[in-house]
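Coordinate analysis (summary)
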Amino acid sequence: MPSSGRSLSDRVRTARGASGTGASVFAVLLLFTLFAGDFWRNLISWPGYFVLAALLAAGSIVFLVRLRPAFRWRKAPKTLVLFLALAVVSLAWSAYPGATALGLVAQFATTAAAVFLALCLTWRALLTALANAFRWILGLSLLFELVVAVFVRHPVLPLTSIQPVPSHIPAAFYWSRDLLFRGGQIQGIVGNSNLLAMIALLSLVVFGIQLADRTIRRGTAITWLVVAVLTFALTRSSTVFVAAVFTAVVLGFALWTRGVGPERRRPVYLTGAALVVVVVVAVVLFASRIPALLGKSEDLTGRLTIWNSVIHLAQERPAFGWGWVSYWAPWVEPFKNLAERGGVVYLQAHNAWLDIWLQLGIVGVVIFALLIVSTLWRAWFQAVDRPRFAPGDDLPYTALTLLPLLLLAALLAQSLAESRILIEAGWTLLVVIAVKTKQSAP
């Protein structure tokens, strides 16, 4: 598959525009905020974060207007457009139209940021921006936990309270629980071990690609790979560990497919299909033992309870759902106390597919599945086919073409335990991959 549908002059103009106008620096701040939104919310409060998010969304639009990147409208991902259109139309039947309107504002602001990243940065520039944002997050996270462990020596609450603080403070309320030297799960500046683990996993992908393609110094790449591995280990996130295994398997199959060439790929696909069947059968047969293997409680740290509540509610409006909302709005029904555990009110279903069923019904699930499948299809062939910019090209493989596939694989694995693919950084990466791979398709 061609890796770019634009002319060389278009690609050079976009790359130069991104670096010459400061768009690359803006992209790093944007990605940092999308991945570490809780850092800003804990530091400057939700109102302060809303101001920052509005400025970044406006900045994304300004850069799109100034750079005027090449864009083929007929190559806009139709399933993405359909999904967003369904979210907008859900205002007509939403049980909470005000919350839906707020959710749509957040969704389109995030989408604008994603479109800026997709159209104004090349894959190489995007890789660099991701790497720089991840270095800041990982570095500050380890430094933050070290300062808390050495100097503060007790758990730290956010500087601005995210939720009303009760007399008994749940562990989830703390920004850092001072566990760096106590063998517990560190949370970093994002205040959540699972989120920090996911960032560490994506960092491994990004830094590994930089090392393989030798786009940065070998020592620098290895140093940050070690930092990412250390952070991943300190988070002790079993759900992200599963995502890491899945991503590694996808990488293995992609490299195998590259090695055998286009004419001998049937054994690869048959093996992949057989592996899927084996995994599904194993999950069905040993479902009761999986939580123990992952170091989780029998209800998967409350997820089974949340899933049951969401399924029961979704069944009341199965076709089109209750209306789009993005983050759950805990001040309106039916989200009031829908998912509460240990004094903590959760704002997501902890499963993206159940969340979509709840909000946009079976119709939304089908459209989202089509978006995932079509994006995964393009990302797969971009990863396993040799790059071609013109007919007859037979260029050598690069690690960079694996980037969209591996990022998407990690997001898909995470989507079974978290709804992050629908909001903030998760949605941004999905839209970036969908748009960029579609624009480069023949």
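Residues numbered from 1 in each chain as written. Predicted model: local features only at pLDDT ≥ 70, side-chain atom pairs only at ≥ 80, totals over all residues. Heavy atoms only, no water.

**Considering the pattern of salt bridges**
This model, assessed by the stated rule, comprises six salt bridges. Between D213 and R124 there is a salt bridge, and its shortest N-O distance comes to 3.5 Å. Remark: R124 occurs in helix α6 (residues 123–152) and D213 occurs in helix α7 (residues 193–213); sequence separation between them is 89 residues. Classification of R124 as partly exposed rests on a relative accessible area of 31%. Several salt bridges share partner residues, and in doing so they unite D38, R41 and E424 into one network. (Salt bridge = Lys/Arg side-chain N within 4 Å of Asp/Glu carboxyl O. Helix = DSSP H or I, 4+ residues; strand = E, 2+ residues; numbered from the N terminus. Buried < 20%, exposed > 50% of the residue type's maximum accessible area, 1.4 Å probe, protein only.)

**A short note on the packing of aromatic side chains**
Applying the stated criterion across every chain yields a total of 24 aromatic pairs. A ring pair is formed by F35 and F134, whose centres lie 5.0 Å apart and whose planes are at 80 degrees; its orientation type is edge-to-face. You can see F35 sitting in helix α2 (residues 23–35) and its partner F134 sitting in helix α6, a full 99 residues away along the chain. For F35, a relative accessible area of 11% puts it in the buried group. Under the relative-accessibility criterion, F134 is labelled buried at 1%. Counting every residue linked through ring pairs, the aromatic cluster contains F32, F39, W40, F144 and W175. The side chain of R317 reaches across the aromatic face of W322, ending 4.5 Å from its centre. (Phe/Tyr/Trp six-rings, centres within 6.5 Å; stacked < 30°, edge-to-face > 60°. Lys NZ or Arg CZ within 6 Å of the ring centre and 35° of its normal.)

**Some thoughts on unusual backbone geometry**
Here E333 and P334 are connected by a cis peptide whose omega angle stands at 5 degrees. Residues other than glycine seldom take positive phi values, yet R236 does so here, at roughly 50 degrees. Along the chain, R236 turns up in the loop between α8 (218–235) and α9 (238–260). Given the relative accessible area of 53%, R236 is considered exposed. Residue H350 is not a glycine yet carries a positive backbone phi of 60 degrees. Mapped onto the fold, H350 is located in the loop between β2 (344–345) and α13 (352–384). Overall, H350 belongs to the buried group, its relative accessible area being 9%.

**Topic: the packing of helix α4 (residues 78–89) against helix α5 (residues 97–120)**
One way to put it is that α4 packs onto α5 with a least axis distance of 10 Å and a crossing angle of 155 degrees. In terms of axis orientation, α4 runs roughly antiparallel to α5. The way α4 lies across α5 gives a crossing that is left-handed. Taken together, the residues of α5 that come into contact with α4 (itself represented by L84, A87 and V88) are T100, L104, Q107, F108 and T111. A per-class count over the contact of α4 with α5 returns five nonpolar, three polar and no charged. (Axes fitted to C-alpha atoms, helices over the stretch in contact; angles between N-to-C directions. Parallel < 35°, antiparallel > 145°, perpendicular 65-115°, else oblique. Left-handed = near helix turned anticlockwise from the far one by under 90°. Contact = heavy atoms within 4.5 Å. Nonpolar A, V, L, I, M, F, W, Y, C, P; charged D, E, K, R; others polar.)

**Topic: the side chain of T375**
Take T375: it is sitting in helix α13. Since its relative accessible area comes to 0%, T375 is described here as buried. The residues contacting T375, other than those within four sequence positions of it, are L408, I433, A434 and T437.

**A short note on the nonpolar core**
Side chains that are nonpolar tend, in soluble globular proteins, to be buried together. Core analysis: the biggest nonpolar cluster contains 114 residues, and F35, F116, L117, L130, F368 and L403 have the highest contact counts within it. It is α6 that provides the largest number of residues to this core, a total of 14 residues. Residues contacting L117, with those up to four places away along its chain left out, are A27, L30, L31, L126, T428 and V432. Of all hydrophobic cores here, the second largest spans 20 residues; its members include Y96, V325, F335 and A339. (Core = buried A, V, L, I, M, F, W, Y, C linked by side-chain atoms within 4.5 Å.)

**Details of the confidence of the model for the protein chain**
Any segment with low pLDDT has predicted coordinates that should not be analysed in fine detail. Per-residue confidence for the protein chain averages 89 on the pLDDT scale, and 90% of its residues sit at or above 70. Taken together, the stretch residues 1–20 has pLDDT below 50 and engages in 42 contacts with residues farther than four places along the chain or on a different chain. (pLDDT = per-residue confidence, 0-100.)

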